[in-house]
Amino acid sequence: MRGKERKVIDDARDQPLDKRVRFSVRLLESASTYKDIVVRKKDGFTQILLSTRSTYNNTLNREVMNEVKSALEKAAVDDSKFVLLSAVGSVFCCGLDFDNIVKHLKYNRKRATVKLVDTIKNFVNSFIEFKKPIIVSVNGPAIGLGASILPLCDVVWANEKAWFQTPYTRFGQSPDGCSTITFPKIMGRAAANEMLINGWKMNAQEACDKGLVSQVFWSETFTQEVMVRIQEITSCNSFVLENSKALVSYNMNVELKQANERECEVLKKIWASAQGMEYMLKYVQNKIDSF
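Residues numbered from 1 in each chain as written. Predicted model: local features only at pLDDT ≥ 70, side-chain atom pairs only at ≥ 80, totals over all residues. Heavy atoms only, no water.

Labelled according to an unreviewed UniProt entry, the chain appears under the name Chromodomain Y-like protein, originating from Saguinus oedipus.

K.L.:
Lay out the overall build of the chain with the relevant residues and their values.
P.N.:
Counting secondary structure elements, the chain contains 13 helices and nine strands. Looking at the 291 residues of the chain, the share that counts as buried comes to 50%. In the chain, the share of contacts with a sequence separation of at least 24, taken over all contacts with a separation of at least 6, comes to 73%. Accessible area for the chain stands at about 14400 Å²; split by element, carbon and sulfur atoms hold 53% of it. (Helix = DSSP H or I, 4+ residues; strand = E, 2+ residues; numbered from the N terminus. Buried < 20%, exposed > 50% of the residue type's maximum accessible area, 1.4 Å probe, protein only. Contact = heavy atoms within 4.5 Å. Areas by Shrake-Rupley, 256 points an atom, 1.4 Å probe, with all protein chains shown as cover.)

K.L.:
Can you break down the layout of surface pockets residue by residue, with the values?
P.N.:
For the largest pocket, the calculated volume is near 740 Å³. Cys153, Asp154, Lys245, Val248 and Ser249 are the residues nearest the centre of the largest pocket, which is lined by 34 residues in total. It is helix α11 (residues 238-248) that provides the largest number of residues to the lining of the largest pocket, a total of six residues. (1 Å grid on protein atoms, 1.4 Å probe; cavity = no way out; pocket = protein on both sides within 12 Å on 5 of 7 lines; lining within 4 Å. Points joined across faces, edges and corners; volume = space filled by probe spheres on them.)

K.L.:
Requested: an account of the pairing of strand β1 (residues 37-41), with residues and values cited.
P.N.:
With respect to burial, β1 is a largely interior element, five of its five residues being buried. Taken together, the five bridges between β1 and strand β2 (residues 45-50) define a ladder with antiparallel strand orientation. From the neighbouring strand, Ile37 faces β2, where its bridge partner is Leu50. Between the antiparallel neighbours β1 and β2 lie three residues, among them Gly44 with a positive phi of about 110 degrees. (Pairing = 2+ DSSP bridges.)

K.L.:
I'd like to hear about helix α12 (residues 252-272), residue by residue, with values.
P.N.:
An ideal rise of 1.5 Å per residue puts 30 Å on 21 residues; α12 measures up with 30 Å between its terminal C-alpha atoms. Considered for burial, the residues of α12 that qualify are Leu256, Ala259, Asn260, Glu263, Cys264, Leu267 and Trp271. The buried residues of α12 occupy an angular sector of 135 degrees when the element is viewed end-on, so they sit on one face. Opposite the packed face of α12, turned more than 90 degrees from it, sit the exposed residues Val254 and Lys269. (Expected span 1.5 Å × (residues − 1). Arc of directions from axis to C-beta.)

K.L.:
Report on the environment of Val213, specifying residues and quantitative values.
P.N.:
Turning to its location among the elements, Val213 is positioned in the loop between α9 (204-210) and β9 (215-217). Distance from Val213 to Val136, taken between C-alpha atoms, is 9.4 Å for residues 77 residues apart in sequence. Ignoring any residue separated from it by four or fewer positions in sequence, one finds Val213 in contact with Val156, Ala158, Phe164, Ala207 and Cys208.

K.L.:
An account of the state of the cysteines is needed here, citing residue identities and associated values.
P.N.:
What we call a disulfide is simply a covalent bond connecting the sulfur atoms of a pair of cysteines. Within the structure shown, the criterion is met by zero disulfides. Free of any disulfide, Cys93 has its nearest cysteine sulfur in Cys94, 6.8 Å distant. Overall, the relative accessible area of 2% leaves Cys93 in the buried class. (Disulfide = S-S within 2.5 Å.)

K.L.:
Pulling in residues and values, what's your account of the packing of helix α7 (residues 179-187) against α12?
P.N.:
Contact pair α7 / α12: the axes reach a minimum separation of 8 Å and the direction vectors enclose 125 degrees. Here α12 runs oblique to α7, going by the angle between their axes. Taking contact as the criterion, the partners of Ser179, Thr180, Ile181, Thr182 and Lys185 in α7 are, on α12, Glu255, Leu256, Ala259 and Glu263. (Axes fitted to C-alpha atoms, helices over the stretch in contact; angles between N-to-C directions. Parallel < 35°, antiparallel > 145°, perpendicular 65-115°, else oblique.)

K.L.:
Help me get a handle on the side chain of Asn139, residues and values and all.
P.N.:
With respect to the helices and strands, Asn139 occurs in the loop between β4 (134-138) and β5 (142-143). Take Asn139: its relative accessible area is 15%, and that puts it in the buried class. Side-chain polar atoms of Asn139 contact the backbone oxygen of Gly89, separated by 2.6 Å. When neighbours within four sequence positions are excluded, Asn139 is seen to be in contact with Ala87, Gly89, Ser90, Val91, Phe92, Asn159 and Phe222. (Polar contact = N/O pair within 3.5 Å; in protein donor to acceptor, adjacent residues only side chain to side chain.)

K.L.:
An account of the sheet that holds β5 is requested, with residue identities and associated values reported.
P.N.:
A sheet is described by the order of its strands in space; here three strands give the open sequence β5-β7-β8, paired in mixed fashion. The open sheet has two free edges, formed respectively by β5 and β8 (202-203), since each of these has just one partner strand. Here β5 pairs with strand β7 (residues 163-165) via two bridges, running parallel. The residue bridging Ala142 from the neighbouring strand is Phe164, located in β7.

K.L.:
Tell me about the nonpolar core, residues and numbers included.
P.N.:
Phe127, Val138, Phe164 and Trp271 are the most contacted members of the largest nonpolar core, which totals 72 residues. Broken down by element, this core gets its largest block of residues, eight residues, from helix α4 (residues 109-129). Beyond its immediate chain neighbours, meaning those up to four positions away, Phe127 contacts Val68, Leu72, Leu85, Ile134, Ile149, Leu152 and Cys153. By size, the runner-up hydrophobic cluster in this structure holds 11 residues, among which are Phe82, Ile135, Phe222 and Ile230. (Core = buried A, V, L, I, M, F, W, Y, C linked by side-chain atoms within 4.5 Å.)

Here it is, written out as structure tokens:
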């Protein structure tokens, strides 16, 4: 969904007048606040869609990550029972925007590195700290940070044509998104190393078999399958949903934040080094658009 204005869908037509007024105010806030994401306030949940104008293939720069973080913070305190994270187009998320990173690191590398890494750390922490369920609808390729954040969410549904890859070594960077701890726990150390070191390109069914994805649906009925299940979850009690998540993730947040901190410190060292910059420049200059 591209253009000068972002549309936000109003599903509150049948609400009482005072509730419709409050709902309309939130819609206006969403339309005026975000440039690179779409926020739809639904009846019972918030939908956040990656629909980036400033990046290509829904990649993540500082602005996009800050907008997602802001949307999660607002959904955390409003009447949403959960968040549905999805994307516009045929690509879910291609991870970090390396073109943008290289551009910033060319000037005052040390200062730019600190800003970029802090943004990534805060972005990842916003998923770790979110107390309500996060449900992800993966419509297409999920690469790098776009794939590594998935275990930080609670339910992940994938289109059968989606695929998942974390080829960090090809990017000239180290793993992020807490993947150094979540991937081995989910899929075992051997498969995690295939993903994080060898850059294994995993199809949707393989991702489901390995535990990265909850369910896979046919492309033709993907949206319908997702929305049927979303409506079922919407009918649940918000207190039960939030506390069920708390029980499942009990004692995990500290470990995840520590992993995020370690990963970001390594990223900081790599990006601040001449060798790290050289690898990223090489990747950006030689990459071939495969979409």
